[in-house]
Amino acid sequence: MSINEQDILKALSYVDDPDLHKDIVTLGMVKDLKVDGTHISFAVELTTPACPMKDQIEHACRVAIRKMVSETAEVDIQMTARVTSMRQDNEALMPGVKNIIAVCSGKGGVGKSTVSVNLALGLARTGAKVGIMDADIYGPSIPIMLNVKGQRPKVKQEDGKQMMIPVEQHGIKILSIGFLVEDTQAVVWRGPMVSSALRQFAGDTLWGDLDYLIIDLPPGTGDVHLTMVQTMPVTGAVVVTTPQEVALADARKAASMFNMANINVPILGVVENMSWFSPPELPDNRYYLFGKDGGAQLAKELNVPVLAQLPIVESIRTGGDEGKPSVLDAHSAVAEAWETLVFNTARQVAIRNNEKQPTEVVKITTT
Ligand SMILES: Nc1ncnc2c1ncn2[C@@H]1O[C@H](COP(=O)(O)OP(=O)(O)O)[C@@H](O)[C@H]1O
Ligand SMILES: [Mg+2]
């Protein structure tokens, strides 16, 4: 009996993407289907290279073909990825950037920059193209965390305009307020200067093609946040908090800004940082220094998932201070927690792009 393409597509239409709740044929994920005698080959194009269900989906495809088409056919499946985007093709600002992820918190020192850097590098390790924009005027810490302190973005003339070229390190593109000013200067920057720097980061920078651009925000809600939502269509926000009540109270306020009707940036989820401490000599003991499950509580209130719980680990701090972020060490005690953060964030972006309307840039009219 000869095998035809229609039978294969029919069989594959029983394979669902577990997150998008539709089958992979309807979702247009099956590509390059070829049948040559008893040899079947095709590619499955996932919505992110950071897809934890890659193996599961491949297995389901094989089972469906074996059961419904042929038990003996040789099946060659290539698992590929093309990151989805809610953006239009013709957008003027950063047209090659598919997803903009804002990392925010209520309080400083809860781990925004740590999460931003490790998330960016973790996504890049899965094969995604990633950039990071350090917009924290009060403490631009990305240059230290990525060991590019003192570097300056190069400038290139393009179409009569001076364009910045992001600094590159560990395979990701980086721009930081810290590249433009000395540490001691940063805090005295006035609102309009901050806003104009951020506009330059978005409008006058050659980011090229990126699957994910992570924005490390200052704590709270201020000029930078407002400029950001007025300048860029933010795909979603990641809220970082410790489990402690004072941090949660502030995180709630920061989250409520994104939820405001005229801003309307979806919250992708909550990262609970400093969830517990386990001494290296007693790795099974967990000490909840800042309280327990506060992140889960906030996530529940906001009706979003917990993206990850990150314990307090000395190597996270030293990795940041030494410019060798913890996620780069595949053997660290927190390797699994980083992987969870990366997978869950990429997953929430894919779900958001599938389910929700594009974010509109906020237009504020002054009278
Ligand atoms: N899970 C963690 N374990 C140990 N140290 C951490 C952890 N998360 C953050 N830190 C450290 O705490 C400090 C503050 O983190 P940072 O990411 O700079 O916070 P924020 O950007 O919110 O101000 C940094 O020195 C960082 O290395
Ligand atoms: Mg920071």
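In what follows, the structure referred to is the one given above.
These lines cover the structure that appears in this document, whether it is placed above or below. (Residues numbered from 1 in each chain as written. Chains lettered and ligands numbered in written order. Predicted model: local features only at pLDDT ≥ 70, side-chain atom pairs only at ≥ 80, totals over all residues. Heavy atoms only, no water.)

Next up on the list: the pairing of strand 7 (residues 130-134). A regular strand places its side chains so that they alternate between the two faces of the sheet. Among the five residues that make up strand 7, five are buried, leaving the element largely enclosed by the rest of the structure. Along strand 7, one buried face is formed by Val130, Ile132 and Asp134 and the opposite face, lined by Gly131 and Met133, is buried too. Here five bridges tie strand 7 to strand 12 (residues 212-216), and the two strands are oriented parallel to one another. Bridge pairing links valine 130 to tyrosine 212 in strand 12. Of the strand pairs in this sheet, strand 7 and strand 11 (residues 172-176) are connected by four bridges, and their pairing is parallel. In the strand pairing of strand 11, glycine 131 is matched with lysine 173. (Buried < 20%, exposed > 50% of the residue type's maximum accessible area, 1.4 Å probe, protein only. Helix = DSSP H or I, 4+ residues; strand = E, 2+ residues; numbered from the N terminus. Pairing = 2+ DSSP bridges.)

Here we take up the side chain of glutamate 45. With respect to the helices and strands, glutamate 45 occurs in strand 4 (residues 39-46). Glutamate 45 gets classed as buried once you look at its relative accessible area, which sits at 18%. Setting aside residues up to four positions removed in sequence, glutamate 45 forms contacts with Met29, Lys31, Thr80, Ala81 and Arg82. (Contact = heavy atoms within 4.5 Å.)

Let us look at the pattern of salt bridges. For the structure on display, the rule yields 14 salt bridges. In this structure, glutamate 158 engages lysine 156 in a salt bridge whose closest nitrogen and oxygen atoms are separated by 3.7 Å. The closest approach of N and O atoms between glutamate 301 and arginine 252, which form a salt bridge, is 2.7 Å. Placement of the pair is glutamate 301 in helix 10 (residues 294-302) and arginine 252 in helix 9 (residues 245-259), with a sequence separation of 49 residues. You can call glutamate 301 partly exposed: its relative accessible area is 43%. The class of arginine 252 is partly exposed, set by a relative accessible area of 26%. Through salt bridges with shared partners, a single network forms among Lys31, Glu45 and Arg82. (Salt bridge = Lys/Arg side-chain N within 4 Å of Asp/Glu carboxyl O.)

A few words on empty space enclosed by the protein. Taken as a whole and judged by the stated rule, the model has one cavity of 30 Å³ or more. Take the lining of the largest cavity: its biggest share by element is three residues, from helix 12 (residues 335-355). Two domains each donate at least three residues to the lining of the largest cavity, and these are domain 1 (5-81) and domain 2 (100-355). (1 Å grid on protein atoms, 1.4 Å probe; cavity = no way out; pocket = protein on both sides within 12 Å on 5 of 7 lines; lining within 4 Å. Points joined across faces, edges and corners; volume = space filled by probe spheres on them. Domains from an automatic or database assignment.)

Of all hydrophobic cores here, the largest spans 86 residues; its most connected members are Met228 and Phe258. Ranked by size, the runner-up nonpolar core spans 26 residues in total, among them Ala11, Val15, Cys61 and Ile351. (Core = buried A, V, L, I, M, F, W, Y, C linked by side-chain atoms within 4.5 Å.)

Judged from the five bridges that link them, strand 8 (residues 154-158) and strand 9 (residues 161-165) form a sheet pairing that is antiparallel. The residue bridging lysine 154 from the neighbouring strand is isoleucine 165, located in strand 9.

The next thing to look at is the packing of helix 9 against helix 10. The geometry of helix 9 relative to helix 10 is characterised by a closest axis approach of 11 Å and an angle of 25 degrees between their N-to-C directions. Our classification of the angle between helix 9 and helix 10 gives roughly parallel. Considering the relative orientation of helix 9 and helix 10, their crossing is right-handed. Residue-level inspection shows Glu245, Leu248, Ala251, Arg252, Ala255 and Asn259 of helix 9 in contact with helix 10, the latter providing Gly294, Gly295, Gln297, Leu298, Glu301 and Leu302. Of the residues assigned to the contact of helix 9 with helix 10, the class counts are five nonpolar, four polar and three charged. (Axes fitted to C-alpha atoms, helices over the stretch in contact; angles between N-to-C directions. Parallel < 35°, antiparallel > 145°, perpendicular 65-115°, else oblique. Left-handed = near helix turned anticlockwise from the far one by under 90°. Nonpolar A, V, L, I, M, F, W, Y, C, P; charged D, E, K, R; others polar.)

Right, let's get into the site of ligand 1. By nearness alone, 15 residues border ligand 1, and Gly109, Lys112, Thr114, Asn273 and Pro311 come closest of all. Valine 110 has a polar backbone atom sitting 3.2 Å from an oxygen atom of ligand 1. Valine 313 is positioned with one of its backbone polar atoms (N or O) 3.1 Å from a nitrogen atom of ligand 1. Contact with the protein chains covers 82% of the free accessible surface of ligand 1, which is 560 Å². Mapped onto the shell around ligand 1, the elements with two or more residues apiece are helix 3 (112-125), strand 14 (267-277), strand 15 (306-312) and helix 11 (314-321). (Near = heavy atom within 4 Å. Polar contact = N/O pair within 3.5 Å; in protein donor to acceptor, adjacent residues only side chain to side chain. Areas by Shrake-Rupley, 256 points an atom, 1.4 Å probe, with all protein chains shown as cover.)

In space, the eight strands of this open sheet follow the order 10-11-7-12-6-13-14-15, with mixed pairing throughout. Each edge of the open sheet is held by one strand with a lone partner, namely strand 10 (167-169) and strand 15. Shown here is a sheet whose adjacent strand axes are inclined to one another by a mean of 25 degrees, direction ignored. On the sheet, helix 7 (residues 191-203) packs against strand 7 and strand 11 and is oriented at approximately 170 degrees with respect to strand 7. Across the face of the sheet, helix 9 comes into contact with strand 6 (100-104), strand 13 (236-241) and strand 14 while running at roughly 170 degrees to strand 13.

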